[in-house]
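# Structural features, examined
Residue strings, one per chain:
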2 protein chains.
Amino acid sequence: MARALAVLGGPQDLWPQNFKSLFEQNRDFLIGVDRGSLRIVEEGFKPRLALGDFDSMSKSELAKVEQSCPELRYSNPVKDDTDSELMLEAALLDYGIDDLTVIGALGGRLDHSLVNLLALCEPRFLKMAEKVTLVDKQNEVHFLLPGEHVLKEKPGYSYFGVGNLLPVEGLTIQGARYELASSDFAYPKMWSSNEFVPGQSVTISLQKGLALVVYSRD
Amino acid sequence: MARALAVLGGPQDLWPQNFKSLFEQNRDFLIGVDRGSLRIVEEGFKPRLALGDFDSMSKSELAKVEQSCPELRYSNPVKDDTDSELMLEAALLDYGIDDLTVIGALGGRLDHSLVNLLALCEPRFLKMAEKVTLVDKQNEVHFLLPGEHVLKEKPGYSYFGVGNLLPVEGLTIQGARYELASSDFAYPKMWSSNEFVPGQSVTISLQKGLALVVYSRD
C-alpha cells in the first residue's frame, strides 16, 4: 500500500487539526503543489515531489523548495491542466499511490475548491477516485464507486452527508438516521446532516456513477 | 424586479465584507434559514420569512425570531427537502423573487456548501438558476444557462473560474487570459484562476447545460 500526502495551496488555517501526524505518517511521500510545497518545507519536511507554476512564490521561496526536493515539475498555466490535476496524474498514474490524502484543497477560493472536488469525475481519474481523501478542519471527503460501502462512525465527526457528482443509479443509504431507498439521479445532488445511529454502521450502495461521503462537524 | 437576501446558517465570519449594505438593500425581503434567521434579528433587521427545522436554536432564540417575523415555515428533516432547498422553493417559486442573493451558504461544513451549490441543478430550480447569486468573503457565484453571457471585471476580485455542474455542450470562453474553444463536457469540471484582460469584457457561451462563474480573490 503506497501512501502519500499532498499539500495544496489552500488556506493553512483550515488544515485538519491532526496535520502534524499526517505529515509524519506520510514523510516518505509528501507532494507539494504550488505554495503547498513551501509549506511542507516550513513544517520541517522534504517534499518528494513538488509541482506547479509557482507564480505566487518569490524566487527565494522557490529556491527553498528546489533545495529540499528531488523532483520538481513546472507547469504552464496556459497549456496544462490545473496544478491539482497534474498532482493527481503524478500521484495516481505515475507513482501508483493508492492511499492519497489531500490537504489545502478546500475552503477559501471556491474556484480552487471546485477544481479539487470535481477533478475525480474526469474519466482518467474516475476509476481511482476511491484512493483519494480530501481533509480539512471540519470535513473529510471520500469518493465511492459502484458497489456496497460500509461506513463506520468517525470520532469527532457528528454528521455525514452523501451526494453524487456524476449521475447515479441505485443510490441507497441504509442504517442511518435518514435513509434513502434505491434512487437514480440524473443531476448532482447532496444530502447533508445525516447521522449514525449509535453503535450501527451505515451502508451506502450504488450501481452506477460516483458518490461522495462528507464526514463533517460544526 | 423583486429582490431578496437569504441568510443561511453557514459561518458568519465568511459573510461578504459589504453584508451591511446587502441587508439594507434587501431590508424589505430578508429570508432567514435556520440560524440565519436569528442572525438577521441580531443585525437589527426583521426577516420577512424564516424557515428551517430550527433544531440548533434554543427556545429563547426561536422566540426572538418568531416575534419579529410575519411568516415562519417549520420543516421536518425526515420528510422534507433540506432547508436551503425549501428556501429556494419559497423565494423563487412562491414569491417570484428574481434577484436572490444568498449569504451563509459557503464555507465551513462542505455537506452544507454542496447542498447549496448543487440545488440549482435540480429540474424544478434549473430554469431559475440565473436569478441566484451566492456570495461569501472571497467568492461570488453566478449560474449561467444556455446562451451568451458577457462578464465584466468586478472591482476587488482578481480572478474568475468557469465550470459546469451539469453536462455542457458548446462551452466557450472568449476574451479572457485563458480562452476555451467550444467544448462539450459530459462530466462536471472547473477551470480556476482565469483573469480579465484589462479593459476587456469576457464572453462565456454554452448551448446546453448549466455553467457557473466564480469571481474570487485571495
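Above this text is the structure in question.
What counts and how
- Residues numbered from 1 in each chain as written.
- Chains lettered and ligands numbered in written order.
- Predicted model: local features only at pLDDT ≥ 70, side-chain atom pairs only at ≥ 80, totals over all residues.
- Heavy atoms only, no water.
- Helix = DSSP H or I, 4+ residues; strand = E, 2+ residues; numbered from the N terminus.
- Rg over C-alpha atoms; globule rule 2.2 N^0.38 Å.
- Buried < 20%, exposed > 50% of the residue type's maximum accessible area, 1.4 Å probe, protein only.
- Contact = heavy atoms within 4.5 Å.
- Areas by Shrake-Rupley, 256 points an atom, 1.4 Å probe, with all protein chains shown as cover.
- Lys, Arg positive; Asp, Glu negative; His and termini not counted.
- Charge placed at Lys NZ, Arg CZ, Asp CG, Glu CD.
- Axes fitted to C-alpha atoms, helices over the stretch in contact; angles between N-to-C directions.
- Parallel < 35°, antiparallel > 145°, perpendicular 65-115°, else oblique.
- Left-handed = near helix turned anticlockwise from the far one by under 90°.
- Nonpolar A, V, L, I, M, F, W, Y, C, P; charged D, E, K, R; others polar.
- Least-squares fit on C-alpha atoms with pLDDT ≥ 70 in both.
- Core = buried A, V, L, I, M, F, W, Y, C linked by side-chain atoms within 4.5 Å.
- Buried area = accessible area lost by both parts, 1.4 Å probe.
- Salt bridge = Lys/Arg side-chain N within 4 Å of Asp/Glu carboxyl O.
- Polar contact = N/O pair within 3.5 Å; in protein donor to acceptor, adjacent residues only side chain to side chain.
- Pairing = 2+ DSSP bridges.

Counting secondary structure elements, chain A contains six helices and 14 strands. Taken over C-alpha atoms, the radius of gyration comes to 18 Å for chain A, in line with the 17 Å a tight globule of 218 residues would show. Across its three principal axes, chain A shows a C-alpha extent of roughly 55 × 35 × 30 Å. By the burial criterion, 58% of the 218 residues in chain A qualify as buried. In chain A, once contacts between residues fewer than 6 apart in sequence are set aside, the share between residues at least 24 apart is 63%. Total accessible area on chain A is roughly 9,200 Å²; 48% of this is exposed by carbon and sulfur atoms. Distance from the positive charge centre (22 side chains) to the negative charge centre (31 side chains) of chain A: 3 Å.

All names here are of chain A. Orientation of helix α2 (residues 35-42) relative to helix α3 (residues 59-68), taken along the N-to-C sense of each, is 65 degrees, at an axis distance of 9 Å. Regarding the angle of α2 to α3, the classification is roughly perpendicular. Handedness of the crossing formed by α2 with α3: left-handed. Taking contact as the criterion, the partners of R35, S37, L38 and V41 in α2 are, on α3, E61, K64, V65 and S68. Grouping the amino acids of the contact of α2 with α3 by side-chain chemistry returns three nonpolar, two polar and three charged.

Right, let's talk about the relation of the copies chain A and chain B for a bit. You can overlay chain A on chain B at an RMSD of 0.0 Å; the transform is a turn of 180 degrees with a shift of 0.0 Å along its axis. The superposition of one copy onto the other is thereby described by a two-fold rotation axis. Ranked by how close their C-alpha atoms come to the rotation axis, the residues of chain A are headed by A:G107, at 3.0 Å. Taken together, the interface assignments show that 100% of the residues at the interface of chain A recur at the interface of chain B, consistent with an identical surface on both copies.

All names here are of chain B. Among the eight residues that make up helix α2 (residues 35-42), six are buried, leaving the element largely enclosed by the rest of the structure. Along α2, the residues classified as buried are G36, S37, L38, R39, I40 and V41. Buried residues along α2 sit in contact with β1 (3-7), α1 (19-25), β2 (30-33), β3 (49-52) and α3 (59-68). Following α2 by one or two positions, G44 adopts a phi angle in the positive range, close to 90 degrees.

The next point concerns the environment of A:E122. As for its position among the elements, A:E122 is in the loop between α5 (110-118) and α6 (123-126). Put simply, A:E122 and A:L100 are 22 residues apart on the chain and 17 Å apart in space, counted from C-alpha to C-alpha. What A:E122 contacts, discounting residues up to four positions off in sequence, is A:E85, B:Y187 and B:K189.

In terms of nonpolar packing, the biggest core is built from 143 residues, with A:M87, A:L100, B:M87 and B:L100 touching the most fellow members. Beyond its immediate stretch of four places on either side in the chain, B:M87 contacts B:A6, B:L8, B:I31, B:V33, B:L51, B:L100 and B:V102.

Contacts between chain A and chain B engage 39 residues on the former and 39 residues on the latter. Of the roughly 3,200 Å² buried where chain A meets chain B, counting both sides, 65% is carbon and sulfur surface. We note a salt bridge from A:K189 to B:E122, for which the minimum N-O separation is 3.0 Å. At the junction of chain A and chain B, the tally comes to 20 residue pairs in polar contact (both at pLDDT 80 or more). Elements represented by at least two residues in the side of chain A that touches chain B include exactly α5, β7 (139-144), β9 (159-164), β12 (189-194) and β14 (211-216) of chain A.

Below, the discussion takes up the pattern of salt bridges. Residues and elements named next belong to chain A. In the structure shown here, the tally under the stated rule is 30 salt bridges over all chains. In this structure, E43 and K20 form a salt bridge, with 3.6 Å as the shortest nitrogen-oxygen distance. Note that E43 is positioned in the loop between α2 and β3 (49-52) and K20 in helix α1 (residues 19-25), a separation of 23 residues in sequence. Judged by its relative accessible area of 24%, E43 falls in the partly exposed class. Among the residues examined, K20 registers a relative accessible area of 55% and is labelled exposed. As a salt-bridge pair, D111 and R109 come within 2.8 Å of each other at their nearest N and O atoms. Per residue, the accessibility class of D111 equals that of R109, and both read buried.

With that settled, consider the side chain of B:T133. Assignment of secondary structure puts B:T133 in strand β6 (residues 132-135). Residue contacts for B:T133: discarding those within four places in its chain leaves B:L100, B:T101, B:V102, B:E140, B:V141 and B:H142.

Sheet strands line up and pair through hydrogen bonds in the backbone, either parallel or antiparallel. All names here are of chain B. In space, the 10 strands of this open sheet follow the order β4-β3-β2-β1-β5-β6-β7-β14-β9-β12, with mixed pairing throughout. Since the sheet does not close on itself, it has two edges, and those belong to β4 (72-74) and β12 (189-194), each with one partner. Neighbouring strand axes in the sheet, compared pairwise and without regard to direction, differ in orientation by 20 degrees on average. Pairing between strand β9 (residues 159-164) and strand β14 (residues 211-216): six bridges, direction antiparallel. Within β14, the position partnered with G161 by the bridge is V214. Packed on one face of the sheet, α2 meets β1, β2 and β3 and runs near 135 degrees to β2. The strands that helix α4 (residues 83-94) touches are β1, β2, β3, β4, β5 (99-103) and β6; relative to β3, the one it contacts most, it runs at about 145 degrees.

The next subject is the sheet that holds strand β13 (residues 202-206) of chain A. Residues and elements named next belong to chain A. In space, the four strands of this open sheet follow the order β8-β13-β10-β11, with antiparallel pairing throughout. A strand with exactly one partner marks an edge of an open sheet, and here the two such strands are β8 (147-151) and β11 (180-185). Put simply, the sheet's adjacent strands are angled 15 degrees from each other on average, direction ignored.

Any link to function would need more than the numbers given here.
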